[in-house]
Amino acid sequence: MKYKIEDIKKRIAELAKDMGQITIMEVCGTHTASIHKYGIQELLPDNIRLVSGPGCPVCVTAQKDIAAALSIADREDVIFTCFGDMMRVPCGDDSLYSLYESGKDVRIVTSPMDALHIAQDHPDRQTVYFGIGFETTAPHTAALIEAADECGIQNLSILSAHKTMPQAIKKLLKGGSGIDALICPGHVASIIGAQAFSFVPDELMLPAAVAGFEAYDIMAALLCIVHMLRSGERKCVNMYPRAVTEYGNREALSLLYKVFEPCDAVWRGLGEIQGSGLGIKERYWEFDAAHRFDLPVKKIEEAKGCICARILSGKSRPTDCVNFGGACTPDRPLGACMVSSEGSCAAYYWYKK
Amino acid sequence: MCLAIPGKIVSIQGQNAEIDYGGVSKHASLRLFENAAIGDYVLVHAGFVIQILDQDAGDELEKLIEETMGFTNKNEI
């Protein structure tokens, strides 16, 4: 590349000089982890502040969905499958990991399709897959449901807590948020396309850049954003052209909306957001764990003093929390943001503490 | 969660592709990207190919950066 990170760093500092405080939000857990891992904040001038929004799927999964997962995983006839970083999310005194320790059959999978194979290998038991994640991951769950339907699998169901990103961004950044620009999630954009984020400049009047996940990608996106802030331009620029096209992956989107439809969803920290969830369509209800099992409606309180909700909306930093690094650590998390390596608190803990 | 790994497709059987990640081989589904072909560099997320990587995009990114290196507006610093 003609320009090195040092050149980009220098140009950002030139452009941001005398501009006052600039706050830029990212809404992808993988960006959160990369920004801390590569020390991006330290490469920026003092007046640019990076904050994390609700981009970590584990973190934004509502307590009621975790409670539902635990109630299913607690059953003797169930093999419960999920991604590894859901295991230790606390829910009252329990977690999926504590159920696993007590002898329940909770298994970590690295692809939703693993759940299909487990169901085929154990026809006498119910296999349940906990679907979390945004548009990057949800098509995979749709592929699982489609495959289960095609194979006529009777003993597999999906607990869907999948969410979509645009509505949450709109709710969070609509007027007076204090956020000046948005780094858009690169792999969500791989699926939904860069144009899906055009509402950020068009409706929210904020500049935005779709970014990849290497240090160079993030710095290039920040340069583009600071340049727009300086010049007054309001656009969404695709700074991850090697993996993101204008309209994304139509095959994945077509499968996603063959199986799912928008529904209202509760986000930890943001509350209920209309049309921001993905519910399984009636045609596929036989694979919907919410229809197969009685799910609890009990309310589980957050840990005392936990400010995950404020952190997820960019209003507080992890270090503002009285529990951070003391009562709440990655080994013994009290709140969801300390669980996944993509959570703001965990990233702060590993790289800043 | 949105972590995706780049690799190269070395063989395809039906909807199943063998991906080479610089010496380590793993299989991934082509259900979300059926037009991928042997030799393509692809992005793999949770067992599925989600996008073909555009190898010429480096030039495009450089061009986008170039645009920010010159002037910005009349009140330029």
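Residues numbered from 1 in each chain as written. Chains lettered and ligands numbered in written order. Predicted model: local features only at pLDDT ≥ 70, side-chain atom pairs only at ≥ 80, totals over all residues.

*Asks:* What is the right way to read the overall build of chain A from this model?
*Replies:* Secondary structure assignment for chain A yields 15 helices and 11 strands. For chain A, whose C-alpha radius of gyration is 21 Å, the value lies close to the compact-globule estimate of 20 Å for 353 residues. Residue burial in chain A is summarised as follows: out of 353 residues, 55% are buried. In chain A, of all internal contacts separated by at least 6 residues, the share reaching a separation of at least 24 is 76%. (Helix = DSSP H or I, 4+ residues; strand = E, 2+ residues; numbered from the N terminus. Rg over C-alpha atoms; globule rule 2.2 N^0.38 Å. Buried ≥ 20, exposed ≤ 12 C-beta atoms within 10 Å, placed from the backbone. Contact = placed C-beta atoms within 7 Å.)

*Asks:* Sorry if this is basic, but what is going on with the sheet that holds strand S8 (residues 208-211) of chain A here?
*Replies:* Working definition: the strands of a sheet are paired by backbone hydrogen bonds and lie parallel or antiparallel to each other. Residues and elements named next belong to chain A. With respect to topology, five strands assemble into an open sheet ordered S2-S1-S7-S8-S9, the strand pairing being parallel. Where the open sheet ends on each side, the last strands, each with one partner, are strand S2 (48-52) and strand S9 (236-238). When strand polarity is set aside, the average angle formed by the axes of neighbouring strands in this sheet is 25°. (Pairing = 2+ DSSP bridges. Axes fitted to C-alpha atoms, helices over the stretch in contact; angles between N-to-C directions.)

*Asks:* So what exactly am I meant to see when it comes to helix H4 (residues 63-73) of chain A here?
*Replies:* Helical geometry: 3.6 residues make up each α-helical turn, so side chains three or four residues apart lie on a common side. Those residues of H4(A) that fall on the buried side of the exposure criterion are Asp65(A), Ile66(A), Ala68(A), Ala69(A), Leu70(A), Ile72(A) and Ala73(A). Of the surrounding secondary structure, the elements contacted by the buried residues of H4(A) are strand S3 (78-82), helix H5 (96-101), strand S4 (106-108), strand S5 (126-131), strand S6 (156-160) and helix H13 (289-292) of chain A.

*Asks:* Just checking my understanding: could you explain the pairing of S2(A) for this structure?
*Replies:* When a strand is regular, its side chains alternate between the sheet's two faces. All names here are of chain A. On S2, burial follows the alternation: Ile48, Leu50 and Ser52 on one face are buried, whereas Arg49 and Val51 on the facing-out side are not. By the bridge criterion, five bridges tie strand S1 (residues 22-26) to S2 in an arrangement that is parallel. Bridge assignment links isoleucine 22 to a residue of S2, and that residue is isoleucine 48. Viewed along the sheet, the connection from S1 through helix H2 (residues 29-37) into S2 turns out right-handed. (Right-handed = clockwise from strand over helix to strand, strands pointing away.)

*Asks:* Sorry if this is basic, but what is going on with the interface of chain A and chain B here?
*Replies:* Reports of interface size often rely on the accessible area that becomes lost once the parts have come together. Listed by partner, the interface residues are 45 residues for chain A and 30 residues for chain B. Looking at the side of chain A that touches chain B, the elements that each hand over two or more residues are helix H1 (5-16), H2, helix H3 (57-60), helix H7 (138-151), helix H9 (186-192), helix H11 (215-231) and helix H12 (250-259) of chain A. The element best represented in the side of chain A that touches chain B is H11(A), accounting for six residues.

*Asks:* Hey, could you run me through the environment of Gly7(B) in this one?
*Replies:* Among the structural elements, Gly7(B) can be located in strand S1 (residues 5-13). In the structure, Gly7(B) is positioned 46 residues away from Leu53(B) in sequence and 9.2 Å away in space, judged by C-alpha atoms.

*Asks:* Help me understand unusual backbone geometry, please; the structure alone is not making it clear to me.
*Replies:* Note: most peptide bonds trans; most residues except glycine with negative phi. Although it is not a glycine, Asp18(A) sits at a positive phi angle of roughly 65°. Mapped onto the elements, Asp18(A) comes out in the loop between H1 and S1. Unlike most non-glycine residues, Ala46(B) shows phi in positive territory, near 50°. Examined against the element boundaries, Ala46(B) turns out to sit in the loop between strand S4 (41-45) and strand S5 (48-52).

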